[in-house]
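Coordinate analysis (summary)
Spelled out from the first residue to the last, the chains are:
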Amino acid sequence: QVQLVESGGGLVQAGGSLRLSCAASGSIVRINAMGWYRQAPGKRRELVASITSLGRTNYADSVKGRFTISRDNAKNTVLLQMNSLKPEDTAVYYCNADLFQRGSLGIQGYWGQGTQVTVSS
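The sections below set out a description of the structure shown in this document. (Residues numbered from 1 in each chain as written. Predicted model: local features only at pLDDT ≥ 70, side-chain atom pairs only at ≥ 80, totals over all residues. Heavy atoms only, no water.)

According to the stated counting rule, one finds one aromatic pair in the structure shown. Between Tyr 37 and Trp 111, the ring centres sit 5.0 Å apart and the planes meet at 65 degrees, which makes this aromatic pair edge-to-face. Of the two residues, Tyr 37 is situated in strand E4 (residues 28–39) and Trp 111 in strand E10 (residues 107–111); the sequence distance between them amounts to 74 residues. Classification of Tyr 37 as partly exposed rests on a relative accessible area of 24%. Residue classification places Trp 111 among the partly exposed residues on the basis of a relative accessible area of 40%. One Lys or Arg, Arg 45, reaches over the ring of Tyr 94 and ends 3.7 Å from the middle of that ring. Residue placement shows Arg 45 over the ring face of Trp 111; its charged tip is 4.6 Å from the ring centre. (Phe/Tyr/Trp six-rings, centres within 6.5 Å; stacked < 30°, edge-to-face > 60°. Helix = DSSP H or I, 4+ residues; strand = E, 2+ residues; numbered from the N terminus. Buried < 20%, exposed > 50% of the residue type's maximum accessible area, 1.4 Å probe, protein only. Lys NZ or Arg CZ within 6 Å of the ring centre and 35° of its normal.)

On the secondary structure map, Val 117 appears in strand E11 (residues 115–120). On the accessibility criterion, Val 117 (0% relative accessible area) is buried. Residues Val 117 and Gln 81, spaced 36 residues apart in sequence, show a C-alpha to C-alpha distance of 12 Å. Discounting chain neighbours no more than four positions away, the residues touching Val 117 are Gly 9, Gly 10, Leu 18, Leu 20, Met 82, Asp 89, Thr 90, Ala 91 and Tyr 93. (Contact = heavy atoms within 4.5 Å.)

What follows is the structure, given as structure tokens:
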């Protein structure tokens, strides 16, 4: 089985910073892209940032210049450094990984359980 476990969410004032961490564990052969998504109440889940196994990154326009995604391939972890947070960043943040699990037939997407980020004004 594969598990993605997130940590680092919480309550912060506008302008503050948080760092989210996600660790993938289990019978993993290879992880391709990893990313962070978020879902605010009443809204669709949206991509925040993603990173390939070679380090190529992609960001939502709303977070460019404020958030930084990084990963440690040796530890199967992905981080999201969030600076200059705004109330509109309030959401549940989910980690995602496209990976090849031992014994499977191909790449599958896995999700973490989500971590709440609340930014007060």
